[in-house]
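Breakdown of the fold
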Amino acid sequence: FGRADDFLDLVLSTPPSLVLSSDTFPPVPLGWTDPLWVAERIIAIRSEIASEWKDVMGEVKGDHSKLSTNLFRVMMGRTIEESGNDIIEIEEEVTFDDLSDSAGAFE
């Protein structure tokens, strides 16, 4: 809830108004606005968009499952090449030299 609902409340509380043409002088009445119809149309369009987003977001799990599998394999220290079933070992870089001569260097 928030701005969208506040806007719909404003539309629903607005009285019908006369719409005049802007390309003639004097302006010619074209008709009346119907705030209930406008609010109904906004809600219908918003529902369509939400439904489309729901469908699109439903596909995200499938799109990310392969990525999650690859990430898991990398985190476990190996990955499988796409060209075949060759396993590539990923080695962590290790430093054997002392990083500091004194124990209090990082205090």
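Quick caveat, the model's predicted, so the values are computed rather than measured. (Residues numbered from 1 in each chain as written. Predicted model: local features only at pLDDT ≥ 70, side-chain atom pairs only at ≥ 80, totals over all residues. Heavy atoms only, no water.)

1. With respect to the overall build of the chain
For clarity, the threshold we go by: By definition, any uninterrupted DSSP run of H or I lasting at least four residues is a helix, any uninterrupted run of E lasting at least two residues is a strand, and each is numbered from the N terminus. Residue exposure (1.4 Å probe, protein chains only): buried if accessible area is under 20% of the type maximum, exposed if over 50%, otherwise partly exposed. Only heavy atoms enter the contact rule, under which two residues are in contact if any of them lie within 4.5 Å. Each accessible area is a Shrake-Rupley estimate made with a 1.4 Å probe; only the visible protein chains count as cover when residues are assessed.
Looking only at helices and strands, the chain features three helices and four strands. Of the regular secondary structure in the chain, the N- to C-terminal order runs α-β-β-α-α-β-β. Burial statistics for the chain: of 107 residues in total, 7% are counted as buried. For the chain, restricting intrachain contacts to residue pairs at least 6 apart in sequence, the fraction spanning at least 24 positions comes to 23%. A total of about 10000 Å² of accessible surface is found on the chain, and carbon and sulfur atoms cover 59% of it.

2. Regarding a nonpolar patch on the surface
Quick reminder of the rule: In this analysis, a patch consists of residues with relative accessible area above 30% that form no salt bridge, clustered at 9 Å for like charges and at 5 Å for the nonpolar side chains Val, Leu, Ile, Met, Phe, Trp and Tyr. Here a salt bridge means any side-chain nitrogen of Lys or Arg lying within 4 Å of a carboxyl oxygen belonging to Asp or Glu.
On the surface, a cluster of nonpolar side chains totalling about 480 Å² of accessible area is made up of I45, I49, W53, V56 and M57. By the secondary structure assignment, I49 is in helix α2 (residues 35-58). Taking the relative accessible area as the measure of exposure, I49 reaches 44% and is therefore partly exposed.

3. Observations regarding the environment of V38
Mapping V38 onto the fold places it in helix α2. Put simply, V38 and L8 are 30 residues apart on the chain and 9.1 Å apart in space, counted from C-alpha to C-alpha.

4. Focus on the packing of helix α1 (residues 3-13) against α2
To describe two helices that pack against each other, one gives the angle between their axes and the distance between the axes. Using the following cut-off: Interaxial angle, 0 to 180 degrees, is taken between N-to-C directions of lines fitted to C-alpha atoms, where a helix line uses only the stretch in contact. In these notes the angle categories are as follows: under 35 degrees is roughly parallel, over 145 is roughly antiparallel, 65 to 115 is roughly perpendicular, and the rest is oblique.
Close contact between α1 and α2 brings their axes to 8 Å; oriented N to C, the two are set at 155 degrees. Between α1 and α2, the angle is such that the two are roughly antiparallel. Between α1, through A4, D5, F7, L8, V11 and L12, and α2, the contact on the second element is made entirely by P35, L36, V38, A39, I42, I43 and R46.

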